[in-house]
Amino acid sequence: MSVLFWLPLAVVLSSLVPGLAIFLLREDQIVTRTTLNLLGALTKLALIAAMVLGVYQGQVYETRFPLMPGFDLVLHASALPMLFVVLSAVLWLITTIYAIGYLERSPGRSRFFGFFSVCVSATTGIALSGNLFTFVLFYELLTLATYPLVVHRGTREALRAGKIYLAYTLTGGTALMVAVVWMHTVVGPFDFTEGGALSAHYEEHRQALMVLFWVMVASLGVKAALVPLHGWLPVAMVAPAPVSALLHAVAVVKAGAYGIVRLVYDVYGITFVRDLGLGTGLAFWASITILYASMRALSQDKIKRMLAYSTVSQVAYIILGVGLGGPLASVGGIVHLVHQGVMKITLFFCAGNLAETLGIHRISQTRGVARRMPWTMAAFTIAALGMIGVPPLAGFISKWTLGTGAMASGSPWALAVLAVSSALNAAYFLPVVFRAYFQEPLRPWPREGDAGRLETHLSLLVPPVITAILVIVMGLAASSPASPLSWVELIVTRIYPGPETGVGGL
Amino acid sequence: MNSLPLVSAAIWVPLLGALVVSLWPRRYAARCGMGGAIVSAAVGLGLVVMVALSGPRRERLGGWGAPAGIELWVDGFSALMIAMTAVVGVVVSMYALAYFRVDEGQDDAERREVERRREAYFWRIWLLVWAAINGVFASADLFNLYVTLEVVGLGAVALVALAGGRALPAAMRYLFVTLSGSLLYLLGVVLIYSEGGTLALFQAGESLMAGTLAQAALVVMVVGLALKTALFPLHFWLPPAHADAPAPVSALLSALVIKVTFYILVRLWVVVFPAAVSQPVGEVLMILGLIAVIWGSWRALRQRRLKMLVAYSTVAQVGYLFLVFGLAPRVDGSAGWQAGAYFAISHACAKGAMFLAAGAIARAVGHDQMEEMRGVGAQLARSFFAFGLGGISLMGLPPSGGYVSKWLFITSAAASGDVIVVIAVALGGLLAAAYVFRVLALAFERAPREGAPQLRPIPSTLEWAALVLGAVAVALGLAAGAPLALLEEGLPFGQSLAEGVTP
């Protein structure tokens, strides 16, 4: 048992331990709490950086110990898990900085940051899970850790949102657990395997495995907010802005989407999924979600509610790419996991800034706001354009790859879905941008906070600016070897073995 | 080491403690009692370690063996139950130390005297009950089981009555229930004896033939023990008795006392009654268990008093225990029984934590009406956290003991194709989430600006004890390997058990 054995576990613990310590702090121990938060986030990043280098060179890190007879807790760091881990760790650091500024004077901060850290630990655990048993464990833990964040404000509305959130996610989690146990009784315990653990060896259980696939997709689809299982997400927008950012970009919705990605690639295997004809159904379900949620986003006036529907729609791109099958579409879907995260977190940061600084919660109130908050609105605009798919931003890269992937896998209809959805994206994002820049300000703002010389607090302003720059960089430098796109190509070459892989020629 | 009479010590050490507490002056009762509890727990855990290291242990009291003398027998299943008693027992004792502490500063001398008497009675009876609980888990003959069972029951009634007031009618009802339950059990013992002429647990099983007599014996014993375990629809006595007792007593009753009768039922199933007789009854028990899960949870959701909610949750959780009688005989190996045993110990820690937390909250608020607890979460964060930790286990969410047992339950049910059981276990978890989060939401609700409840200061021991038990409930999910391995010691659910014990 070397140090390498414990590395994946250390990555999980690097946020759990500070989280548990934070619970014990008094409200006024601000410096200690902030130090613990940042120390945890930076430790995690350092550990991950070491692992990324190793994984790139073909090293495999694995922590494994038995939890129950026949069931091992397995944390396994290969290319796909690392993608999600890096995303969550980087965005965790940025969100923590943002949350420190956002919650500066509100009560219950120790509880908030404690659960916040537990939440990130659960996400890391989900990312690194080496088998379904471990996955379910962290998946349920994530539900538990996010509930206190959703109800943090303690208002009737927040508690109601928490109730709805639990009703959806606990039902989904229970169904997932039952399905996983059932699968274990059918095929026995197994680990996630690149290329598929089940594959064609289980022809005789075809029927059962098909049913189990849809049960699992539906259970994961609750967190991934596939229509009609998305009902909790727009309601949960009453949570504080950093929580929404976490829910939409880093942890919850992503955990669901990531679960489906692993189910298709590492449990069933892409060839088995194709043989059983499951991929088309998945792509179809994703398409309905994309179109329906975009339509709903169009009619919203509350900014966060509009963003919530936009998440429902955008996360389904990931599922679409997975369902279409073929290396290129896979690249497009998986890379969107990262791109959507960075873009959406920017949008939520900006929405939070508008609400905190000027009391703006509705699109109709954003007239002329760009003059008062130029940096915030610049970041918002970049992320919004990215979402629409304007080149050379991150969103363009995902959509382009998805589109060419759809053609390559012989599903040109998906192009139409992408086109219509991009038009709808433009239709609900551009009015906000237009209002902010080209209409006369509606003074006085509903509530004007005291922010000193800057347009808002520094720790609220820096995070969206950084993530907006990332949106540009990830687009411009997509072909560099350090970009998410290149990393995803690495993943996909490992998922699709043999000559079928032709993803290098983008 | 192997010659240490640890098995009998697990019984006479708490008994001796009870005796010392009774003989010593009353003002030392708490100190003596706590000392007795610590030593008892140490002896119990020592015994468990011995079983884990060197296999099942047998002891003949006074050198007489079965069938004439009293024989004690501890295998993995007994050991796990003794470990549960030791852990829950010592934590609840810590809690009780603070809970019953007499306020020496108050002027009312008469009231002080009442409190002091109550404290002394608690320690005497509780240590006596502890001895009897260990006695049940170590007994290898049917009559000895009856005697120890009777002591547990009567002691439990006395503990409930300690609260006085509205607990007295509840205690009275409980007294009738527990007496009739053990009498029915005794009737079954007589019937078995009349056929085989032996009371030794394992020999009785060999001599009992499937037939009308065995059926009759089984039915009366099952009714008696199910009554004492509060299986639906025989649960009517439990909610008031558990809810109106003093908080540490509620915890002991829900965590340990109802597990005693469950334990005896499992023993009867595995070693005494032939499968032909027990299987149909097991199916009935399973169906009643399923109803109990749904009905108890539903009633828990409807409660206005916090301790009533926790008590009705026990009615629901008892339902899970009874699922194993239908489930376990159907699947190969011991997975089904393991699910039940693991559920029993994790429920003990979880429910213990919840009752202790509820007691601490009720003491701080002054009553346990949930409607008036809004916004007290920030001041009682540790108690609500402990309640939540226990709740996680009840919901069967990871990482907790409840998760492991739920996993084992669903595995067994799926292996035997029992879709209804799978659905009920899953649904029961969701219902538990509904009533547990109803309580937690109170803690998260923002305190009203005026009219916020004025809290009394409470000793921090109350909160910490609850938190420790909650933490154990969670730890049972992270370290399930060792307890499950212990459960295999001496193959309590296997064929070779009977062979291992007959000399």
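Residues numbered from 1 in each chain as written. Chains lettered and ligands numbered in written order. Predicted model: local features only at pLDDT ≥ 70, side-chain atom pairs only at ≥ 80, totals over all residues. Heavy atoms only, no water.

A short note on the overall build of chain B
Link 1 in the chain: Summing up its helical and strand segments, chain B has 19 helices and 2 strands in all.
Link 2 in the chain: Structurally, chain B occupies a C-alpha span of about 70 × 55 × 40 Å along its principal axes.
Link 3 in the chain: Expressed as a percentage of its 503 residues, the buried residues of chain B come to 63%.
Link 4 in the chain: Looking at chain B alone, contacts between residues at least 24 apart form 81% of all its contacts between residues at least 6 apart. (Helix = DSSP H or I, 4+ residues; strand = E, 2+ residues; numbered from the N terminus. Buried < 20%, exposed > 50% of the residue type's maximum accessible area, 1.4 Å probe, protein only. Contact = heavy atoms within 4.5 Å.)

Focus on the pairing of strand β2 (residues 71–77) of chain A
All names here are of chain A.
Link 1 in the chain: Counting buried positions over the 7 residues of β2 gives 5, a clear majority of the element.
Link 2 in the chain: Here strand β1 (residues 61–68) pairs with β2 via 7 bridges, running antiparallel. If you follow Pro66 over to β2, its bridge partner there is Asp72.
Link 3 in the chain: Between β1 and β2, which pair antiparallel and follow one another directly, the connecting turn spans 2 residues, one of which, Gly70, has a positive phi of 90°. (Pairing = 2+ DSSP bridges.)

Some details on the packing of aromatic side chains
All names here are of chain B.
Link 1 in the chain: Tallied over the full model, the rule gives 48 aromatic pairs over all chains.
Link 2 in the chain: Judged by centre distance (4.9 Å) and plane angle (75°), the ring pair of Phe137 and Tyr263 falls under edge-to-face. One end of the pair, Phe137, is in helix α4 (residues 109–138); the other, Tyr263, is in helix α10 (residues 247–272), and 126 residues separate them in sequence. Residues Phe137 and Tyr263 agree in their burial class; the two are buried.
Link 3 in the chain: Cation over ring: Arg124 sits above Tyr121, and NZ or CZ is 5.1 Å from the ring centre.
Link 4 in the chain: Stacked on the ring of Tyr99, the Lys or Arg Arg363 has its end atom at 4.3 Å from the ring centre. (Phe/Tyr/Trp six-rings, centres within 6.5 Å; stacked < 30°, edge-to-face > 60°. Lys NZ or Arg CZ within 6 Å of the ring centre and 35° of its normal.)

Let's talk about the interface of chain B and chain A
Link 1 in the chain: At the interface, 31 residues of chain B touch 31 residues of chain A.
Link 2 in the chain: In total, about 2900 Å² of surface goes out of reach between chain B and chain A, with carbon and sulfur atoms giving 81% of it.
Link 3 in the chain: Of all residues in chain B, the largest losses of buried area upon contact with chain A belong to Trp407, Phe437 and Phe444 of chain B, amounting jointly to 28% of the total for that side.
Link 4 in the chain: The tally of links between chain B and chain A comes to 1 salt bridge.
Link 5 in the chain: Residue Glu445 of chain B pairs with Arg156 of chain A through a salt bridge whose shortest N-O separation is 3.2 Å. (Buried area = accessible area lost by both parts, 1.4 Å probe. Salt bridge = Lys/Arg side-chain N within 4 Å of Asp/Glu carboxyl O.)

Some details on the pairing of strand β1 (residues 57–60) of chain B
All names here are of chain B.
Link 1 in the chain: In β1, alternate side chains face the same way, and those of Arg57 and Glu59 are buried while those of Arg58 and Arg60 on the opposite face are not.
Link 2 in the chain: With 4 bridges joining them, β1 and strand β2 (residues 71–74) adopt antiparallel strand pairing. Counterpart to Arg60 in the pairing with β2 is Glu71.

Some remarks on the nonpolar core
Link 1 in the chain: Grouped together as the largest cluster of nonpolar side chains are 397 residues, with contacts concentrated most on Met183 and Tyr268 of chain A together with Phe122, Tyr185, Phe325 and Phe387 of chain B.
Link 2 in the chain: Top element by residues in this core is helix α13 (residues 335–365) of chain B. It accounts for 20 residues.
Link 3 in the chain: Look past the residues within four positions of Tyr185 of chain B in its chain and what remains in contact with it is Leu142, Leu145, Tyr146, Leu149, Val220, Met221, Leu225 and Ile264 of chain B. (Core = buried A, V, L, I, M, F, W, Y, C linked by side-chain atoms within 4.5 Å.)

Quick look at the environment of Ala480 of chain B
Link 1 in the chain: Along the polypeptide, Ala480 of chain B turns up in the loop between α17 (460–478) and α18 (481–486).
Link 2 in the chain: Counting along the chain gives 43 residues from Ala480 of chain B to Phe437 of chain B, while the straight-line C-alpha distance between them is 26 Å.

Brief notes about the pattern of salt bridges
All names here are of chain B.
Link 1 in the chain: One pass over the structure, following the stated rule, counts 21 salt bridges over all chains.
Link 2 in the chain: Here Glu113 makes a salt bridge to Arg26, at a shortest N to O gap of 2.7 Å. Placement of the pair is Glu113 in helix α4 and Arg26 in the loop between α1 (6–23) and α2 (29–54), with a sequence separation of 87 residues.
Link 3 in the chain: Glu113 gets classed as partly exposed once you look at its relative accessible area, which sits at 30%.
Link 4 in the chain: Across the pair Asp244 and Arg166 runs a salt bridge, and its minimum N-O distance is 3.3 Å. Of this pair, Asp244 sits in helix α9 (residues 238–244) while Arg166 sits in the loop between α5 (142–161) and α6 (167–196), and the two are 78 residues apart along the sequence.

By themselves these figures say nothing about function.
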